[in-house]
Amino acid sequence: MERTFDCLVVGAGYAGAVAARELAERGGKRVLVLERRDHVGGNAYDCPDEHGVLIHKYGPHIFHTGSKRVFDYLSRFTRWRRYQHRVIANLPRDNPEVVPAHKKTDGRFTFPVPFNLDSMERAFGPDEGKRLGEKLLDAYPAQSQVTILELRQNPDPEIAAIAEYVYEHVFVHYTMKQWGQTPEEIDPNTTARVPVRLSRDDRYFQDPWQGMPLEGYTPLFERMLDHPNITVALGVDALTRLDVSGGAVRVDGQSFDGPVIYTGQADELFGFCFGPLPYRTLDFGFETHRRDFYQTHGTVNYTVDEDFTRITEFKHLTGQDLPGVTTIMKEYSRAYTGAAGETPYYAIIDPANNALYEKYRALAGECGDLHLLGRLAEYKYYNMDAIVLRALELCDVLLEK
């Protein structure tokens with residue numbers, strides 16, 4: 001039977017959708033996209049909830065990039081809403097070790113994250129915070145930010161104490177919740193890189209291109225995949241059609257020598273033959289409230305207390321005009337077990353897990369024109385813009401052949 005496609009793409013998230021569009025449009029290839037879920041967009045998928053609030057079903061996605069190529073590419077498929085993300089930390093007011101005495105007022109204690117000069121004044125009081133901020137600016141005059149490691153190594157005990165404050169109130173408890181680790185298990189190199197900004201810039205990201213798709217992420221993906229050379233099959237488990245056993249690539253039982261771009265779990269592709277790769281997963285608690293807004297910012301991190309790591313309020317992100325109702329999402333992190341309904345979100349990067357992944361990557365390298373692309377397939381953390389660029393660059397190579 002004659003094939004109706006030249007290339008197979010597994011997954012309709014950023015990696016798969018960009019690759020499919022490039023191969024179809026730039027390469028003139030007939031591309032079949034197989035997507036296990038019943039929608040395109042991967043984890044960036046958004047949709048209205050039952051109250052009409054546009055939500056991000058798999059957690060908040062805020063677009064930002066330093067790559068003009070990526071921004072220009074995605075701008076073909078969406079207009080943008082001007083948006084620059086700002087995050088605050090929310091700490092309990094009744095913990096004397098967390099909140100200075102002068103801050104014990106009604107409500108909870110908040111400050112901008114990453115920690116900056118405004119955070120300093122909220123944490124230590126206006127006068128003391130300003131004095132400490134000026135001391136930092138004098139100590140690091142040429143830097144826009146300084147790391148905890150640099151602060152800890154400073155001989156001035158007040159500066160070193162700032163590092164300990166940020167470590168305790170911004171980083172360590174939040175990281176323990178996010179990764180299920182004790183302080184002793186947290187990589188010291190990660191701790192050392194935690195920044196303190198020597199400015200009042202409270203934007204979470206500082207990339208030159210930032211924004212949100214004006215109509216949402218899902219329409220962006222629908223336009224990207226809307227090409228006469230692309231066929232998208234939703235609700236299809238690609239592993240029922242793709243077989244890479246024995247170093248050969250077969251699709252629907254027949255040998256296939258065209259490009260295969262696989263964006264799912266590498267361990268699952270090979271039947272977990274070396275054992276499963278560890279991941280963290282997330283549980284989301286959605287709540288709808290009958291008010292215009294629930295919180296002041298799109299994202300509020302709970303860095304010390306609460307079981308959840310953060311609360312996202314989507315109307316801040318999307319700019320949706322929907323009076324009298326808002327939806328928030330509480331985010332809980334836990335170990336991924338592989339149970340039905342779980343989504344592997346974050347690879348747990350350490351030497352042992354990297355070595356295990358390398359076994360799967362080596363197997364993939366023996367399988368003809370098979371290419372692993374994306375967070376799951378490459379067992380790496382990628383921001384959205386980074387995986388768009390990875391997909392574009394892979395297609396650059398494939399289309400030069």
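Residues numbered from 1 in each chain as written. Predicted model: local features only at pLDDT ≥ 70, side-chain atom pairs only at ≥ 80, totals over all residues. Heavy atoms only, no water.

Chemist: Explanation requested: the overall build of the protein chain in the structure shown.
Modeler: A tally of helices and strands in the protein chain yields 13 helices and 22 strands. In terms of overall size, the protein chain behaves like a compact globule, its C-alpha atoms giving a radius of gyration of 23 Å where 401 residues would be expected to give roughly 21 Å. Considering only C-alpha atoms, the protein chain reaches an extent of 80 × 50 × 40 Å along its principal axes. Here the protein chain, with 401 residues, has 52% of them falling under the buried criterion. The contacts in the protein chain between residues at least 6 apart in sequence include a share of 70% that link residues at least 24 apart. Summed over its atoms, the accessible surface of the protein chain is roughly 18,500 Å², and 50% of this surface lies on carbon and sulfur atoms. (Helix = DSSP H or I, 4+ residues; strand = E, 2+ residues; numbered from the N terminus. Rg over C-alpha atoms; globule rule 2.2 N^0.38 Å. Buried < 20%, exposed > 50% of the residue type's maximum accessible area, 1.4 Å probe, protein only. Contact = heavy atoms within 4.5 Å. Areas by Shrake-Rupley, 256 points an atom, 1.4 Å probe, with all protein chains shown as cover.)

Chemist: Looking at this structure, I do not really get the pairing of strand 7 (residues 87–91). What am I missing?
Modeler: Each regular strand displays side chains that alternate between the two surfaces of the sheet. Taken across its five residues, strand 7 has five buried, putting it largely inside the fold. Of the two faces of strand 7, the one lined by Val87, Ala89 and Leu91 and the one lined by Ile88 and Asn90 are each fully buried. Across five bridges, the pairing between strand 7 and strand 8 (residues 109–113) is antiparallel. By the bridge assignment, valine 87 is partnered in strand 8 with valine 113. (Pairing = 2+ DSSP bridges.)

Chemist: Please clarify how helix 3 (residues 117–124) should be interpreted in this entry.
Modeler: Helical geometry: 3.6 residues make up each α-helical turn, so side chains three or four residues apart lie on a common side. For helix 3, every residue scored as buried is listed here: Leu117, Ser119, Met120 and Ala123. Projected onto a plane normal to the axis of helix 3, the buried residues spread over an arc of 150 degrees and lie on a single side. Of the residues that open helix 3, the one with a side-chain oxygen 3.0 Å from the backbone nitrogen of aspartate 118 is asparagine 116. Two residues or fewer after helix 3 comes glycine 125, characterised by a positive phi angle close to 95 degrees. (Arc of directions from axis to C-beta. Polar contact = N/O pair within 3.5 Å; in protein donor to acceptor, adjacent residues only side chain to side chain.)

Chemist: Teacher, can you tell me more about the sheet that holds strand 12 (residues 230–234) here?
Modeler: Strand pairing in a sheet relies on backbone hydrogen bonds, with the paired strands running either antiparallel or parallel. In space, the five strands of this open sheet follow the order 12-2-1-16-22, with parallel pairing throughout. In this open sheet, the two edge strands, each paired with only one partner strand, are strand 12 and strand 22 (370–372). When the angles between neighbouring strand axes are averaged without regard to direction, this sheet yields 15 degrees. For strand 1 (residues 7–10) and strand 2 (residues 31–35), the ladder comprises four bridges, and the chain directions are parallel. By the bridge assignment for strand 2, valine 10 is matched with leucine 34. (Axes fitted to C-alpha atoms, helices over the stretch in contact; angles between N-to-C directions.)

Chemist: Please explain the packing of aromatic side chains as it appears in this structure.
Modeler: The way to describe two aromatic rings as a pair is by their centre distance and the angle between their planes. A full pass over the atoms with the stated rule returns 25 aromatic pairs. Arranged with centres 4.8 Å apart and planes meeting at 25 degrees, the rings of phenylalanine 63 and tryptophan 80 form a pair that is stacked. With phenylalanine 63 in strand 5 (residues 63–65) and tryptophan 80 in strand 6 (residues 80–81), the pair connects residues that are 17 residues apart, well separated along the chain. A residue is classified by how much of its surface remains accessible, and phenylalanine 63, at 1% relative accessible area, is buried. Between tyrosine 345 and tyrosine 346, the ring centres sit 6.5 Å apart and the planes meet at 45 degrees, which makes this aromatic pair tilted. Tyrosine 346 shares its class with tyrosine 345; the two are buried. Taken together, the ring pairs connect Trp179, Phe284, Phe286, Phe314, Tyr345, Tyr346 and Tyr381 into an aromatic cluster. Stacked on the ring of tyrosine 167, the Lys or Arg arginine 152 has its end atom at 4.9 Å from the ring centre. Taking NZ or CZ as reference, lysine 315 lies 5.0 Å from the ring centre of phenylalanine 293, over its face. (Phe/Tyr/Trp six-rings, centres within 6.5 Å; stacked < 30°, edge-to-face > 60°. Lys NZ or Arg CZ within 6 Å of the ring centre and 35° of its normal.)

Chemist: It is not clear to me how unusual backbone geometry should be interpreted in this structure. Could you clarify?
Modeler: If a residue is not glycine, its phi is most likely negative; likewise, a peptide bond is most likely trans. Valine 113 connects to proline 114 through a cis peptide bond whose omega is 0 degrees. On the secondary structure map, proline 114 appears in the loop between strand 8 and helix 3. Even without being glycine, phenylalanine 272 reaches a positive phi, approximately 55 degrees.

Chemist: Would you explain the nonpolar core in this entry?
Modeler: Generally speaking, nonpolar side chains in soluble globular proteins are found buried as a group. Counting 54 residues, the largest nonpolar core has Tyr14, Val31 and Leu74 as its most contacted members. Going through the elements one at a time, strand 1, helix 1 (14–26), strand 2, helix 2 (68–74), helix 8 (217–224), helix 10 (314–318) and helix 13 (384–398) are the ones with two or more residues in this core. In this structure valine 31 touches Phe5, Cys7, Val9, Ala20, Leu23, Ala24, Asn229, Ile230 and Thr231, once residues within four positions along its chain are discounted. (Core = buried A, V, L, I, M, F, W, Y, C linked by side-chain atoms within 4.5 Å.)

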